[in-house]
Amino acid sequence: MHPSPSERDPYNGLSRAEPTLPSSAYWDSEAYQRDLDAIWHKSWLLVCREADLAQPLAFRTFRVGTQEIVILRDETGELRAFHNTCRHRGSQLCQESEGRLKARLITCPYHAWSYSLRGDLVRVPSKSLPDGFDKADHPLYRVALSVWRGFVFVNLQQAAAGSAGTSFDPASGDLANWPLEPLVSGHVLRKVMNCNWKIFWENFNECLHCPGVHKDLSRLVPIYGRGLMSRHDDPDWVRHADNDAPEFSGGLRAGAETWSRDGHAHGPVLPGLTPAERAAGQTYATSLPSMFIVGHVDYVRTVRLMPLGPEQTELTAEWLFAPEALAETDIDNVVAFGTQVLEEDAAICEVNRKACARCVTRPAC
């Protein structure tokens, strides 16, 4: 049960429960297509880091629903995004998931129509063309692209509003003091979860499951062990407002510095963080529906989601470190803990999908 915002009483907890979505929202193919059309095809979606396309002619492809996109850096250094589809017969243009173009042209492997890296049709090998045919009328279909703090986002909506920066939840934490742009990748985890993408986000937005599912995390972040995410989730938060103990105020357990196996930082603390940001242990920023990013004192972690179908979701997590610190950081100690938490979340989301998502009583939960 999820309360509507108007039913949340900041002094007495929740005053009324609301029913959740019907079970078909988590497995039905028509419901999935509606999600794609109404949400995924109209939102800013995280694709990669700018550093993943550092050199001219570098490209990456990705798919969301039925739509396949190619993102590239042109010869002038500009990032561009297009539908990965030839305007002639709809053939796939770039067939690899990533790489570097061999020339300053994108040439269709089927009938050799060629496009500039700006998306303009520049060459058609056909010997005869219809009267009035103008190459200028047949560019690649462009996709809106926005860069935020070194992260590349796209939006499939034709008249995409705003930018990647405006897509973050206003209640998200402020990551302005984290040096996101120069950070480099230390580890990437990719996993296919057998559950609808909404199940993962529902799980992300509560900690009722934390005491039973995340035992080590609950020891590191004691308020999670109480099934709460912050002191304001506690019906008695006003009474505990002056209590700085982490099980009431949030933050890490006494003596801990970051998310790692032993709770210790394993590289230099990132410069510029305030004492409050260091004490918090984790600062979350969320851009629905595709990603969240977490600032820790010694590294940053990103988690990206991409729906693969009504009951499958791809999760990609990446650990980012300061370049000078990467060589002296015990990545295994850091990555192992974050991976454990994500694996626990994925496993319980799949359990939820196996039963509750198909339960005929779900509308009345």
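For the structure itself, consult the block above.
Residues numbered from 1 in each chain as written. Predicted model: local features only at pLDDT ≥ 70, side-chain atom pairs only at ≥ 80, totals over all residues. Heavy atoms only, no water.

Visitor: How should the pairing of strand S4 (residues 58-64) be read in this particular structure?
Guide: Consecutive side chains of a regular strand alternate in pointing toward one face of the sheet and then the other. Of all seven residues in S4, six are buried; the element is thus mostly enclosed. Direction of pairing for S4 relative to strand S7 (residues 98-100): antiparallel, over a ladder of three bridges. Looking at S7, one finds that Ala58 is bridged to Arg100. Where S4 and strand S5 (residues 67-73) come together, six bridges link them in antiparallel fashion. From the neighbouring strand, Phe59 faces S5, where its bridge partner is Leu72. Here S4 folds back onto S5 in antiparallel fashion, the turn holding two residues, of which Gly65 has a positive phi close to 65°. (Buried < 20%, exposed > 50% of the residue type's maximum accessible area, 1.4 Å probe, protein only. Helix = DSSP H or I, 4+ residues; strand = E, 2+ residues; numbered from the N terminus. Pairing = 2+ DSSP bridges.)

Visitor: Help me understand the sheet that holds strand S17 (residues 312-321), please; the structure alone is not making it clear to me.
Guide: The strands making up a sheet associate through hydrogen bonds between their backbones, and the pairing can be parallel or antiparallel. Taken together, the five strands give an open sheet; going across it, the order is S13-S17-S16-S15-S14, and neighbouring strands pair in antiparallel fashion. Bordering the open sheet on either side are strand S13 (184-193) and strand S14 (283-287), each of which pairs with just one other strand. Between one strand axis and the next, the sheet turns by 15° as a mean value, whatever way the strands run. Inspection of the sheet shows strand S16 (residues 300-309) paired to S17 by nine bridges, in the antiparallel sense. Residue Arg301 lies in a different strand from S17, and its bridge partner there is Trp319. Packing of helix H2 (residues 197-204) onto the sheet brings it into contact with S13, S14, strand S15 (291-295), S16 and S17, and relative to S15 it is tilted by some 30°. (Axes fitted to C-alpha atoms, helices over the stretch in contact; angles between N-to-C directions. Contact = heavy atoms within 4.5 Å.)

Visitor: How do you make sense of the packing of aromatic side chains when you look at a structure like this?
Guide: What characterises a pair of aromatic rings is the spacing of the ring centres plus the angle enclosed by the ring planes. For the structure shown, the criterion picks out 13 aromatic pairs. Taken together, a centroid distance of 5.2 Å and an interplanar angle of 85° make the contact between Trp40 and Trp197 edge-to-face. Here Trp40, found in the loop between helix H1 (29-38) and strand S3 (45-49), pairs with Trp197, found in helix H2; they are 157 residues apart in sequence, far enough to count as distant. When its relative accessible area of 6% is taken as the criterion, Trp197 is described as buried. Here the aromatic rings of Phe200 and Trp201 are separated by 6.1 Å at their centres, their planes lie at 80°, and the arrangement is edge-to-face. For the pair Phe200 and Trp201, a shared accessibility class is recorded, and that class is buried. Taken together, the ring pairs in this structure connect Phe200, Trp201, Phe204, Tyr284 and Phe292 into an aromatic cluster. Between the NZ or CZ atom of Arg49 and the centre of the ring of Phe151, over which it lies, the distance is 4.4 Å. The residue whose ring lies beneath Arg149 is Trp148, and the NZ or CZ to ring-centre distance is 5.9 Å. (Phe/Tyr/Trp six-rings, centres within 6.5 Å; stacked < 30°, edge-to-face > 60°. Lys NZ or Arg CZ within 6 Å of the ring centre and 35° of its normal.)

Visitor: What is the right way to look at the side chain of Asn155 in this model?
Guide: Summarising the element assignment, Asn155 is placed in strand S12 (residues 151-155). Under the relative-accessibility criterion, Asn155 is labelled buried at 2%. A polar side-chain atom of Asn155 sits 2.9 Å from the main-chain amide nitrogen of Gln157. (Polar contact = N/O pair within 3.5 Å; in protein donor to acceptor, adjacent residues only side chain to side chain.)

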